[in-house]
Amino acid sequence: MVQDFKRRFFVSLILTVPLAVMSPMLRSLVGFDDAAFFPGHMLVMLVLATVIFFYGGWPFLKGLVDELKDGAPGMMTLIALAITVAYGYSGLVSLGVKGKVFFWELASLIDIMLLGHWIEMRSVMAASGAMEKLAKLVPGQAHRLQEDGSTEDVAVGELEKGDKVLVKPGEKVPADGTIVDGNSSVNESMLTGESKPVAKGSGDEVIGGAVNGEGSLTIEVKKVGADSFLNQVMDMVEKAQGSKSKAQGLADKAAAWLTFIALGAGGLTMAAWLLLSEQQFSYALERTVTVMIITCPHALGLAIPLVVAVTTALAANRGVLIRNRTPFEQARRIDAVLFDKTGTLTKGTFQVSDTVRLGDPDEDEVLRLAAAVETSSEHPIAQAIAGSVENPERAENFSSITGRGAQAEVDGAVISVVSRRYLKEESIDVAEEKVRDLLDAGKTVVFVLRDDSPIGAIGLDDAVREQSKQAVSRLREMGLKVMMITGDNEKVAARVAKKLGIDEYFAEVLPDEKASRVKDVQERGLIVAMTGDGVNDAPALAQADVGIAIGAGTDVAVETADIVLVKSNPLDMVTILHLSRAAYRKTIQNLIWATGYNAFAIPLAAGVLSFAGIILSPAVGAVLMSLSTVIVAVNAKLTSLPDAEEQTTGAGG
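Computed from a predicted structure; not experimentally measured. Just so you know, the residues in each chain are numbered from 1, in the order the chain's sequence is written. Reporting in this predicted model follows two pLDDT cut-offs: at least 70 for local features of residues, and 80 or more for side-chain atom pairs to be given and counted; totals over whole chains, interfaces and linings ignore these cut-offs and use all residues. Working from all heavy atoms in the structure, the side-chain values ignore hydrogens and water.

Below, the discussion takes up the packing of aromatic side chains. Each Phe, Tyr or Trp ring, with Trp reduced to its six-membered ring, pairs with another whose centre is within 6.5 Å; inter-plane angles below 30 degrees give stacked pairs, above 60 give edge-to-face pairs, and intermediate values give tilted ones. Tallying each qualifying case throughout the model produces 4 aromatic pairs. Their ring planes at 5° and their centres at 4.4 Å tell us that Phe 53 and Tyr 87 sit as a pair that is stacked. Here the residue Phe 53 occupies a position in helix α3 (residues 41–56), and Tyr 87 occupies one in helix α5 (residues 75–94), the gap between them amounting to 34 residues. Neither residue differs from the other here; Phe 53 and Tyr 87 are each classed as buried. Cation over ring: Arg 8 sits above Tyr 55, and NZ or CZ is 4.8 Å from the ring centre. Here, a charge over a ring means that NZ of Lys or CZ of Arg falls within 6 Å of the ring centre while also lying within 35 degrees of the ring normal. The positively charged end of Arg 332 is found above the aromatic ring belonging to Tyr 584, 3.4 Å away from the centroid. Only DSSP runs of H or I reaching four residues or more are called helices, and only runs of E reaching two or more are called strands; each is numbered from the N terminus. Only protein chains enter the accessibility calculation, which uses a 1.4 Å probe; a residue whose area is less than 20% of its type maximum is buried, one above 50% is exposed, and one in between is partly exposed.

Structure (structure tokens):
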């Protein structure tokens, strides 16, 4: 559609040039008369105008039919009405009926309206690719096990319930199912929001699209097709997106009123000149057509697209990508902001938060020994521990304990970094009261053993983004309720909420429940913005009045969202509010200018001051129209935002 409007605009613009040169109105402005032109030039103008009317005006003529079918006349109706009246009347004049032609007004109106729609669509219309992004999470092929124990690679679409598939380390799980053999850690963070990889063993369920860790798994397929988790997410996204696509913009509402005004003013003008004056029908018709054309201001067609184009550029400079205009306009009225925790308020990555001494070595030595072991592992927890020590030494004889931890030789001793599950399985006693605070806080705890004797414990936490606390504080200062929603447990959620000063939180929310929680908040009468980054956030982003994705998150969340925070900075929520409010102010100002022109021009075009010798000619009307358009354009360009520093200190809130 963007390319179609662009093509129609340039074709119509090229045809408008010779039409403008031959226009009697424009020639009269520069002192030329009809004698300067070849005989029959009116017919040439009719041919050019016909092409412009049917080719360039086709989207508006089609829009007229669609709007009238829906019983909601708007911008398309107003444009189509004006160009049809101008074309029909001017066509008759060019064929011999007494009057003046409005071919130039017709062509310029179509050109500017095509330009306005092209600008608007290019700025904010991006076809949602959420469905494709979701589909790409599932691998294309699976290793299906045969009865003789061999495997064959088949398309995922060929899998049936009851099939067994082999998932190798690092591969994606091809379908929802249950593990029948093997142990591993499975990263489901992009699907469920759970920030840490989950240890999985025989009997545990796995979700298609999750990433397998260090062990091989044999999985029995339980759900395929429409029953699978990802397909259910896709269905929720599609329904929620479709449910909020019917909003009508301010310009359409103004255009609807102007449509009725145009019809009413045109009818009154015709009746008044025929009943109250001695003028001929041709003069009354000319006045009526002038009113009908002037009623459709060019400025109205550009009032919102120009503001959109400017605010989109301003937003991009601040790291905010606006994908859907209607929810962005709604952002100025937001009452509550729901933040996903993992990957949004937090970085979605582990960092060492505590080290506890359980034996002879001190805390620094415990961390040093653990880091030496973990430098050889690719596990996220291992990487966090290794990264907490500058230049960790490399251990010898490293080996992975599948789903339980790792061990290696350091300083002549066997150092193991293991989970609580490993300790229980190996019947190793640990004074857990020393790490009770870490466990109660919902932190991930691993234990460090030297020759199978506990010497320490390390607590890890999902790192909170530096800007999160400031973002929450600023939003609350602006009168918004700030909430958090997460798949993590109650302890983790409570700790993060308290640390950031969040008003309300929802913990242990299953993936298919997030959109429902957003809906629950909306049912309180609040206008809700949802900010998230995972696949599990996609339905919630689509359900919210304004869906905002963290740019570093999954492609699915980004494609589903109305607005994307490219810098993954929660503080950019403040930018969105400032920008939405600024855009709204400029939109209202432009609409006042665009429609105010009508309040002045329509009575003059109708001839209410004709007794004083004042009648608005089409030429003067064109000048006023151009002036109105220039004012709207300049006003849109003057849209501005507070400086980033002012924004974060509370100015302009």
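Now for the side chain of Asp 340. Tracing the backbone shows Asp 340 in strand β11 (residues 336–340). Side-chain atoms alone can form a polar contact between residues adjacent in sequence; in general such a contact is a pair of N or O atoms within 3.5 Å, and within protein one must be able to donate a hydrogen while the other accepts it. A distance of 2.9 Å separates polar atoms of two side chains, one belonging to Asp 340 and the other to Lys 514. Between two residues, a contact is recorded if the distance between any of their heavy atoms is within 4.5 Å. Contacts of Asp 340, omitting those with residues within four sequence positions, involve Leu 345, Ile 485, Lys 514, Met 530, Thr 531, Gly 532, Asp 533 and Asp 537.

The axes used here are C-alpha line fits, helices contributing only the stretch in contact, and every angle between their N-to-C directions lies in the interval 0 to 180 degrees. Where helix α15 (residues 363–374) meets helix α16 (residues 380–387), the axes come as close as 8 Å, and the angle between the chain directions of the two elements is 130°. Comparing the axis directions of α15 and α16 gives the class oblique. The element α15 and its partner α16 pack so that their crossing is left-handed. On the side of α15, the interface is formed by Leu 367, Ala 370, Ala 371 and Glu 374, while α16 contributes Ala 382, Gln 383, Ile 385 and Ala 386. For this classification, the nonpolar set comprises Ala, Val, Leu, Ile, Met, Phe, Trp, Tyr, Cys and Pro, the charged set comprises Asp, Glu, Lys and Arg, and every other residue, Gly included, is treated as polar. Counted by class, the contact of α15 with α16 contains 6 nonpolar, 1 polar and 1 charged residues. When describing relative orientation, an angle under 35 degrees is termed roughly parallel and one over 145 degrees roughly antiparallel, while 65 to 115 degrees is termed roughly perpendicular and anything else oblique. What makes a crossing left-handed is the near helix being turned counterclockwise from the far one by less than a right angle; a clockwise turn instead makes it right-handed.

Patch membership needs two things, relative accessible area over 30% and no salt bridge, and members are linked within 9 Å if like-charged or within 5 Å if nonpolar (Val, Leu, Ile, Met, Phe, Trp, Tyr). Values of accessible area rely on a 1.4 Å probe in the Shrake-Rupley scheme; residue burial ignores everything except the protein chains shown. Criterion for a salt bridge: a side-chain nitrogen of Lys or Arg within 4 Å of a carboxyl oxygen of Asp or Glu. On the surface, Trp 257, Phe 260, Ile 261 and Leu 263 cluster together into a nonpolar patch covering about 470 Å² of accessible area. Structurally, the position occupied by Ile 261 is in helix α10 (residues 250–276). Relative accessible area serves as the criterion here: at 40%, Ile 261 is assigned to the partly exposed category.

With that out of the way, let us pick up the confidence of the model for the protein chain. Confidence along the protein chain averages 80 in pLDDT terms, with 83% of residues attaining 70 or more. pLDDT is a per-residue confidence score from the predictor, ranging from 0 to 100. Segment residues 124–128: pLDDT under 50, and 13 contacts once partners within four positions in sequence are set aside and those in other chains are kept. Throughout residues 644–653 the model reports pLDDT below 50, and contacts reaching past four residues in sequence, or to other chains, amount to 19 contacts.

As a further point, take the nonpolar core. Core analysis: the biggest nonpolar cluster contains 44 residues, and Ile 334, Val 337, Leu 475, Ile 502, Ile 548 and Ile 576 have the highest contact counts within it. It is helix α24 (residues 572–606) that provides the largest number of residues to this core, a total of 7 residues. Segment limits for the domains were obtained from an automatic or database-derived domain assignment. Mapping this core onto the domain boundaries places at least three of its residues in each of domain 1 (1–133 + 242–307 + 595–632) and domain 3 (320–345 + 465–566). Apart from the residues lying within four places of it in its own chain, the contact partners of Ile 548 are Ala 529, Met 530, Thr 531, Gly 532, Leu 541, Ala 561, Ile 563, Leu 565, Met 573 and Ile 576. In plain words, nonpolar cores are sets of buried Ala, Val, Leu, Ile, Met, Phe, Trp, Tyr and Cys residues tied together by side-chain atoms within 4.5 Å. Membership of the second largest hydrophobic core comes to 33 residues, among which are Met 45, Leu 48, Phe 60 and Ile 110.

The next subject is the pattern of salt bridges. Going through the model one piece at a time under the given rule, you end up with 21 salt bridges. Note that Asp 66 is salt-bridged to Lys 62, the shortest N-O span being 3.3 Å. Here Lys 62 and Asp 66 lie together in helix α4 (residues 58–70), a separation of 4 residues that amounts to about one turn. Classification of Asp 66 as partly exposed rests on a relative accessible area of 34%. Lys 62 gets classed as partly exposed once you look at its relative accessible area, which sits at 43%. Between Asp 354 and Lys 443 there is a salt bridge; the shortest N-O distance is 2.8 Å. One end of the pair, Asp 354, is in strand β12 (residues 346–357); the other, Lys 443, is in the loop between α18 (436–440) and β16 (444–450), and 89 residues separate them in sequence. The exposure class of Asp 354 is partly exposed, given its relative accessible area of 24%. Through salt bridges with shared partners, a single network forms among Glu 365, Arg 368, Glu 393 and Asp 411.

This part takes up the sheet that holds strand β22 (residues 563–565). At least two DSSP bridges between two strands are required for those strands to pair. The strand order across the open sheet built from 7 strands is β10-β22-β21-β20-β11-β18-β19, with neighbouring strands paired in mixed fashion. Here the strands that pair on one side only, and so sit at the sheet edges, are β10 (320–322) and β19 (504–506). Sheet twist, expressed as the mean angle between neighbouring strand axes with direction ignored, is 20°. Two strands pair when backbone bridges link them, and strand β20 (residues 528–532) and strand β21 (residues 546–550) are joined in this way by 4 bridges, in the parallel orientation. Across the sheet, residue Thr 531 finds its bridge partner in β21, namely Ile 548. The strands that helix α20 (residues 490–500) touches are β18 (481–485) and β19; relative to β19, the one it contacts most, it runs at about 155°.

Before going further, it helps to spend a moment on the environment of Gly 208. Positionally, Gly 208 belongs in the loop between β7 (205–206) and β8 (211–212). Residue Gly 208 is classed as buried on the basis of its relative accessible area of 4%. Separated by 33 residues in the primary sequence, Gly 208 and Ala 175 place their C-alpha atoms 4.0 Å from one another.

UniProt positions are given in the numbering used here, feature names are shortened, and annotations may be inferred rather than shown by experiment. Following the UniProt record, the feature "transmembrane region" (unreviewed entry) maps to residues 38–60, 72–89, 254–276, 288–316, 591–609 and 615–634 here. Summarising residues 591–609: 84% helix, 0% strand, and an end-to-end C-alpha distance of 26 Å.

The antiparallel open sheet is built from 6 strands, whose spatial order is β12-β17-β16-β15-β14-β13. At either end of the open sheet lies a strand with only one pairing partner, and these are β12 and β13 (396–401). In this sheet, adjacent strand axes meet at a mean angle of 20° when their direction is disregarded. Both strand β15 (residues 413–418) and β16 contribute to a ladder of 4 bridges, which runs antiparallel.

With respect to the secondary-structure elements, Thr 486 resides in the loop between β18 and α20. When residues no more than four places from it in sequence are discounted, the contact partners of Thr 486 are Lys 341, Thr 342, Ala 493, Phe 506, Ala 507, Glu 508 and Val 509.

At Asn 397, a residue that is not glycine, the phi angle is positive and equals roughly 55°. Positionally, Asn 397 belongs in strand β13. Overall, Asn 397 belongs to the exposed group, its relative accessible area being 58%. The backbone of Asp 452 shows a phi angle near 70°, a positive value even though the residue is not glycine. When you line up the elements, Asp 452 lands in the loop between β16 and β17 (453–464). We classify Asp 452 as partly exposed; its relative accessible area is 47%.

Bringing the pairing of β16 into the picture now. Counting buried residues in β16 gives 6 out of 7 residues, a clear majority hidden from the surface. In the sheet, β16 pairs with β17 via 7 bridges, with the strands oriented antiparallel. Bridging across to β17, Val 446 finds its partner in Ile 458.

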